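Inside the fold
Take a look at the letters that make up each chain.
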Amino acid sequence: MSGEAGVGKSRLAAEGARRAAERGFRTLRGACFESDRALPFAPLLDLLRAALAAGGGADQLGVAAPHLARLLPELAASPPDHAPVPAGDPEQERRRLFDGLAHFLVRQGDGWPLLLAVEDIHWADETSLDFLLHLARRLAARPVLLLLTYRDDEAGPGLRRALAALDRERLAAEVRLGPLSRDDTAVMLRAIFDLGRPVRADFLEAIYGIAEGNPFFTEEILRSLLASGALADANTLRDRRPGGGFPIPRSVREAVRGRAAWLSAPTRRTLALAAVAGRRFDFALLREVEGCDESTLLRRIKELLVAGLVVEESAERFAFRHALTRQAVYDALLARERRALHRRVAAALGRLAAPAPDAHLADLSYHAHAAGAWAESLEYGRRAGEQALSLYAPRAAAEHFTRALDAARQLAVLPEPALHRARGLARETLGDFDAARADHEAALALARAAGDRRAAWRATLDLGALWAGRDHARAGEYYREALGLARGLDEAGDLAQSLNRLGNWHANADHAAEAMRHHEEALVLFRGLGDRPGLAHTLDLLGMAAVLGGDFVRGTAHYEEAVALFRELDDRRGLASSLAALADCGNPLSACTALPEVDPAVLVRQGEEAVRLARAIGWRSGEAFALGCLALCLAGQGNYGRALAAARGGLAIAEEIGHLQWATHARWTLGIIALDLLAPAEALLRLEQAHAVARDSGSPHWVRATAAALARACRAAGDLARAADLLAAMLDGEPPGATLSHRVCWFARAELALDEGDPALALRIADVLVATVPPGASVRAAPAPLKIRGQALAALGRPDEAAAALDAADAAARARGARPLLWRILTAQAALHHARRSDDEAARAGEAARALIAELADTIPTGTLRSRFREAALALLPPERPTSPRQAAKRAFGGLTARERQVAALVAGGLTNRQIADELSIAEDTATVHVKHILGKLGFASRAQIAAWAARQGLLEPAPTTPRA
């Protein structure tokens with residue numbers, strides 16, 4: 001088992017030994033230490049002493065005692081049972097010693113499986129390594145596991161030879177442990193702090209950035225942070241020290257100091273310079289700073305490589321073996337030394353970067369600031385931050401802008417409002433609300449003090465956008481103020497941006513017509529300017545306004561236009577937003593209105609792309625939004641396991657960054673899924689939370705949407721009175737087709753009317769919902785209102801109309817892949833046919849519903865939830881009537897009558913329709929009709945399919961006796 005120091009070899013070996021002991025293994029463990037390189041058999045003495053202590057002392061040694069006495073002085077001092085071995089040929093003595101030791105160790109199993117573990121063999125002496133190879137050869141066909149661990153970056157020549165021999169003779173298998181991933185580190189941190197919530201992204205990034213997935217370093221850093229008071233609580237890091245680093249654990253400092261002590265003085269200077277240059281450093285840069293020839297610098301770097309402090313990444317680039325190694329070297333320098341070296345590196349970098357300065361902006365920003373070159377730091381920090389934003393690296397951008405702002409403070413000059421704005425936007429992307437607000441408010445104050453009306457407008461608009469996810473009313477105040485400022489600026493582009501922001505606010509306020517008016521005015525302005533980015537963002541917002549207004553057809557068209565433009569412009573943030581919104585068009589709410597002809601699988605792929613894009617650019621709120629949209633899309637198609645995972649991921653991010661709107665969205669989604677899974681208690685819990693958060697944020701759309709879902713959960717739990725109260729408070733006289741949230745509330749009221757025994761009211765509501773579906777070409781009908789209409793008509797004693805409505809609902813649900821709605825429609829059809837005593841139709845609908853319920857249950861990850869859903873769903877189906885043997889046979893063979901089964905068997909025998917007619921003494925036209933019915937009932941397109949089916953069903957008849965024509 002190999003890996004770098006601290007990667008977890010000892011921890012894994014100890015866990016392996018524990019589990020081996022639980023399974024009946026006998027275990028012996030030994031270890032090497034750095035001082036053991038000159039001590040023969042040092043790692044094996046632990047094994048010997050442990051075996052002697054466990055087995056009753058030296059009496060168990062037997063014939064091996066004279067040989068092993070040479071290793072353990074205490075054995076030589078005890079009364080010998082055997083005469084000492086006379087001295088002989090050294091090689092023979094060595095062989096006898098190896099044989100005796102191996103014989104003794106193997107015998108420790110005494111019929112039981114045995115684990116022999118020796119750790120850190122990179123420190124073992126040559127003789128011990130030779131013995132371990134000898135022992136490995138002796139273990140063939142024996143129940144003994146020899147477990148050896150070593151650091152692969154410290155393997156000397158002797159160990160490399162031993163490993164090569166083990167490989168060559170196929171005596172061993174190697175397990176190499178690598179560092180933990182970010183996700184694994186997050187799991188580790190949650191376990192250490194016993195967190196019931198996800199680790200904050202900034203905290204995880206800070207720890208992972210320095211420990212780089214090394215478990216030991218991670219633990220040591222946490223201990224140092226706790227000891228220094230830098231850890232505010234179990235998930236929050238206080239401001240780091242000015243250099244941006246962490247207190248380096250003593251164990252790491254000592255390890256680096258020990259390795260550096262063997263270096264020559266010039267190489268130690270190069271090491272210090274490399275540490276100042278960064279985690280990775282270029283050979284050309286070091287040479288420029290050092291001013292030495294290439295051969296001299298190569299000798300020094302080779303010395304660093306041998307010491308295990310750096311590694312070669314390419315011919316021109318080297319890196320410290322670990323970030324903590326570099327930090328330990330850097331921290332050993334005095335502050336004055338560091339500043340002087342940073343100044344030298346910055347000057348050298350400036351000379352090397354002269355042909356293409358933008359290629360090294362990030363390094364120039366870092367070194368200029370660390371050197372205290374404040375004028376250069378202000379300029380480089382600003383430019384590097386802008387570059388990082390353009391490259392979708394918000395965390396790096398925020399760091400560069402912070403350096404620039406610090407430089408401005410050191411120079412005692414007021415920064416430009418744009419600098420605070422840029423950092424605020426970066427922090428907003430990262431989900432740091434408080435820091436972003438502070439920046440935007442600072443930008444607004446600076447703009448007002450300078451009389452810069454345009455900067456003041458921009459800061460006001462930014463504050464509105466920031467508050468939109470937390471306080472709807474406050475966001476509206478900022479947006480209205482920004483619109484007034486924009487009208488005074490007489491800038492068409494600024495005015496269009498303000499119209500878009502306020503229009504989006506109206507959309508979330510359920511003012512659909514007002515929202516569309518604002519966005520359409522903005523669209524005209526952007527078209528007049530030829531502003532393609534402005535057009536793309538306006539189309540995206542028009543899509544949202546249309547969807548929230550209940551018009552998914554128009555909304556989808558706008559989103560698709562926006563996606564095409566965003567792709568052309570390579571605007572990944574805009575693209576992620578529009579793709580997520582398109583996926584959202586497949587959510588359960590869309591069943592209350594019409595949809596364009598869109599492949600459900602395409603919607604899922606769009607949602608997945610949106611999540612990937614948002615994650616790649618570090619857009620935390622965008623990732624939360626995209627995950628919520630993807631979850632709804634998956635839930636609408638009945639992919640419950642993936643839907644639950646996406647919704648929970650979105651909720652975790654929204655809670656971490658304090659985004660109330662997306663937290664509402666995620667809880668509402670989880671509640672909708674729980675309703676689908678017939679788990680009313682879970683649905684009530686989630687939807688109570690979602691409704692409360694929606695009220696806190698103040699978005700009328702979300703207040704109504706969560707109230708409608710909560711009312712449906714109350715109805716499912718049997719609390720019809722509360723459901724009625726919730727819906728009465730939301731239905732304020734607006735007609736059912738006014739907005740999407742109104743449609744959903746009215747749909748919930750229609751469901752409630754059925755439960756209250758008022759099918760006439762349910763029918764009136766359903767008729768309005770069906771009639772107010774927005775018009776469009778190639779539009780799929782709204783299946784949910786059609787289902788309610790069919791159930792209401794059935795309750796009113798109008799079965800033919802009910803059947804037509806349910807058939808239309810069935811077709812619409814199938815077209816959009818809405819399996820959760822489809823099984824409920826099939827259940828309603830089964831109930832209708834059962835009431836009409838159409839037993840065959842009822843059986844077919846019931847069987848289809850059962851099959852669909854089984855499919856959906858298979859996607860549910862939790863066994864208990866799965867079984868409860870299956871049981872509750874099946875209980876909603878009407879009971880099956882007793883069937884006659886003839887009916888049972890017909891049902892067992894896909895609905896085929898006895899005569900049709902005869903025809904199918906003859907088709908399988910290769911007969912034509914005329915030959916079938918002769919065989920059965922029927923007209924050829926009749927035989928043709930029978931074949932047509934068989935194809936239709938079985939859903940086949942060819943006689944070959946009938947033949948294959950008949951063979952599977954065992955319908956093949958003996959060869960006919962009638963002569964063939």
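This one's a predicted model, so the numbers in the text were calculated from it and none came from an experiment.

1. Examining the overall build of the protein
A count of helical and extended segments in the protein gives 47 helices and 12 strands. Taking all 965 residues of the protein together, 52% fall into the buried category. On the protein, roughly 43,200 Å² of surface is accessible, and the fraction owed to carbon and sulfur atoms is 53%.

2. Things to note about the packing of helix α28 (residues 572-584) against helix α29 (residues 600-616)
Where α28 contacts α29, the axes come no closer than 8 Å and their chain directions differ by 150°. Once α28 is placed against α29, the crossing between them reads as left-handed. Residue-level inspection shows R572, L575, A576, L579, A580, L582 and A583 of α28 in contact with α29, the latter providing L603, Q606, G607, E609, A610, L613 and A614. Classifying every residue of the contact of α28 with α29 by side-chain character gives 10 nonpolar, two polar and two charged.

3. Brief notes about helix α47 (residues 943-952)
Residues lying three or four places apart along an α-helix face the same way, a consequence of the helix completing one turn every 3.6 residues. Taken together, the buried positions of α47 are I946, W949 and A950. Along α47, the residues classed as buried sweep out an arc of 100° about the axis, all on the same side. Set apart from the buried face of α47 by more than 90 degrees, the exposed residues are A944 and R952. Just downstream of α47, G954 is the residue with a positive phi angle, here 75°.

4. Thoughts on the pattern of salt bridges
Side chains bearing opposite charge may pair, as long as their charged atoms lie close to each other. Scanning the model with the defined rule gives 50 salt bridges in all. Across the pair D152 and R176 runs a salt bridge whose closest N-O atoms are separated by 2.6 Å. One end of the pair, D152, is in the loop between β5 (150-151) and α7 (157-168); the other, R176, is in the loop between α7 and α8 (182-193), and 24 residues separate them in sequence. A residue is classified by how much of its surface remains accessible, and D152, at 26% relative accessible area, is partly exposed. Where E608 meets R642, a salt bridge forms, and the shortest distance between an N and an O atom there is 2.3 Å. On the criterion of sequence distance, the pair formed by E608 in helix α29 and R642 in helix α31 (residues 640-657) is long-range, its members being 34 residues apart. A cluster of three or more residues bridged by salt bridges with shared partners is formed by D358, E379, R382, R383 and E386.

5. A few points about the packing of helix α32 (residues 660-676) against helix α34 (residues 700-716)
The geometry of α32 relative to α34 is characterised by a closest axis approach of 10 Å and an angle of 25° between their N-to-C directions. In this view, α32 runs roughly parallel relative to α34, as classed from their interaxial angle. Relative to α34, the crossing made by α32 is left-handed. Facing α32, whose interface residues are Q661, T664, H665, W668, I672 and L675, α34 presents W702, A705, T706, A709, R712, A713 and A716. Residue composition of the contact of α32 with α34, grouped by class: eight nonpolar, four polar and one charged.

6. Section: the sheet that holds strand β10 (residues 317-320)
Pairing between sheet strands relies on hydrogen bonds along the backbone, with the strands arranged either parallel or antiparallel. Here we have three strands laid out as an open sheet, ordered β8-β10-β9, and antiparallel in their pairing. On the outer flanks of this sheet lie β8 (280-282) and β9 (310-312), each paired with one strand and no other. Averaged over all pairs of adjacent strands, the angle between strand axes in this sheet comes to 30°, irrespective of strand direction. Examined bridge by bridge, β9 and β10 share three bridges and lie antiparallel to one another. Across the sheet, V311 pairs through a bridge with A319, a residue of β10. The strands touched by helix α14 (residues 294-306) are β9 and β10; relative to β9, the strand with the most contacts, the crossing angle is about 115°.

7. A closer look at the nonpolar core
Grouped burial of nonpolar side chains is what soluble globular proteins tend to show. Core analysis: the largest hydrophobic core is formed by 159 residues, its most contacted members being Y479, W668, I673, L687, L727, W823 and F869. Per-element tally for this core: the top contributor is helix α30 (residues 620-637), with 11 residues. Each residue touching Y479, except ones within four places of it in the same chain, is listed here: L461, G464, A465, A468, R501, L502 and W505. Counting 52 residues, the second-largest nonpolar core is a separate cluster that includes L204, I207, L225 and V252.

8. Let's talk about the confidence of the model for the protein
With 90% of its residues at a pLDDT of 70 or more, the protein shows a mean pLDDT of 86. The low-confidence segment residues 238-244, where pLDDT is below 50, has 11 contacts with residues more than four positions distant or belonging to other chains.

9. Observations concerning the sheet that holds strand β2 (residues 26-31)
Strand order in the open sheet formed by three strands is β2-β3-β4, with parallel pairing between adjacent strands. The open sheet terminates on both sides in strands that have one partner only, identified here as β2 and β4 (144-148). On average, adjacent strands in this sheet sit at an angle of 10° to one another, irrespective of strand direction. Relative to β4, strand β3 (residues 114-119) runs parallel, the two being bridged by five bridges.

10. So, the pairing of β10
As paired strands, β8 and β10 are joined by three bridges and run antiparallel to one another. Its bridge partner being in β10, R280 is matched across the sheet by A319. The antiparallel hairpin formed by β9 and β10 contains four residues in its connecting segment.

11. Quick notes on the side chain of H472
Checked against the element boundaries, H472 lands in helix α23 (residues 472-489). In this structure H472 comes out as buried when scored by relative accessible area, which is 7%.

12. Re helix α39 (residues 799-815)
Between its first and last C-alpha, α39 extends 24 Å over 17 residues, near the 24 Å set by a 1.5 Å rise per residue. Among the residues of α39, those classed as buried are A802, A803, A805, L806, A809, D810, A812 and A813. Where α39 is buried, its residues contact α38 (783-795) and α40 (819-835). Positive phi appears at G817, one or two residues downstream of α39, with a value of about 65°.

13. Brief notes about the packing of aromatic side chains
Scanning the entire structure with this criterion turns up 10 aromatic pairs. Pairing F216 with F217 gives two aromatic rings, centres 6.0 Å apart and planes at 55°, and the pair type is tilted. A relative accessible area of 32% places F216 in the partly exposed class. With 6.5 Å between their ring centres and 65° between their planes, Y640 and F869 make a pair best called edge-to-face. With Y640 in helix α31 and F869 in helix α42 (residues 863-875), this residue pair connects regions lying 229 residues apart in the sequence. The ring centre of F433 lies 3.8 Å from the NZ or CZ of R470, which sits over that ring. The ring of W505 is capped by R480, whose NZ or CZ atom sits 5.0 Å from the centre of that ring.

14. Let's talk about unusual backbone geometry
For Y392, which is not glycine, the phi torsion reads 60° and is therefore positive. Along the chain, Y392 turns up in the loop between α18 (374-390) and α19 (394-410). The phi dihedral of A412 falls on the positive side, at around 60°, and the residue is not glycine. Looking at where A412 falls in the secondary structure, it is placed in the loop between α19 and α20 (417-429). Taking relative accessible area as the criterion, A412 reaches 71% and is therefore assigned exposed.

15. Description of the environment of G757
Residue placement: G757 occurs in the loop between α36 (740-755) and α37 (759-771). For the pair G757 and A795, spaced 38 residues apart in sequence, the C-alpha to C-alpha distance is 8.8 Å.

What counts, and at which threshold
Chains are numbered independently. Their residues run from 1 in the order of the written sequence. For a predicted model such as this one, the threshold for reporting local features is a pLDDT of at least 70, and the threshold for listing and counting side-chain atom pairs is 80 or more; totals across whole chains, interfaces and linings nevertheless cover every residue. The side-chain numbers reported here are obtained from all heavy atoms of the structure, hydrogens and water having been left aside. Strands are runs of DSSP state E lasting at least two residues, helices are runs of H or I lasting at least four, and both sets are numbered from the N terminus onward. Relative accessible area decides the class of each residue, using a 1.4 Å probe on protein chains only: under 20% of the type maximum gives buried, over 50% gives exposed, and in between gives partly exposed. Residue exposure ignores everything except the shown protein chains as possible cover, and the areas themselves are Shrake-Rupley values with a 1.4 Å probe. Lines fitted to the C-alpha atoms define the axes, with helices restricted to the stretch that makes contact. Angles between their N-to-C directions range from 0 to 180 degrees. When the near helix sits turned anticlockwise from the far one by under a right angle, the crossing is termed left-handed; a clockwise turn instead gives a right-handed crossing. By definition, residues are in contact when any of their heavy atoms lie within 4.5 Å. Gly is put with the polar residues, along with every residue not named as nonpolar or charged; the nonpolar set is Ala, Val, Leu, Ile, Met, Phe, Trp, Tyr, Cys and Pro, and the charged set is Asp, Glu, Lys and Arg. By arc we mean the arc of the directions from the helix axis to the C-beta atoms, nothing more. Only one rule defines a salt bridge in this text: a Lys or Arg side-chain nitrogen within 4 Å of an Asp or Glu carboxyl oxygen. For this classification, under 35 degrees means roughly parallel, over 145 means roughly antiparallel, 65 to 115 means roughly perpendicular, and everything else is oblique. Strands are labelled as partners when DSSP assigns at least two bridges between them. Buried Ala, Val, Leu, Ile, Met, Phe, Trp, Tyr and Cys residues that are joined via side-chain atoms within 4.5 Å together make up what is termed a nonpolar core. The pLDDT value tells you how sure the predictor is about a given residue, anywhere from 0 up to 100. Multiply 1.5 Å by the residue count of a helix minus one, and that product is the helix's expected span. Ring geometry is summarised as follows: Phe, Tyr and Trp rings, the Trp one being its six-membered ring, pair when their centres sit within 6.5 Å, and such pairs are stacked at plane angles under 30 degrees, edge-to-face over 60 and tilted between the two. By the criterion adopted, a ring carries a charge over it if an Arg CZ or a Lys NZ lies within 6 Å of its centre and within 35 degrees of its normal.

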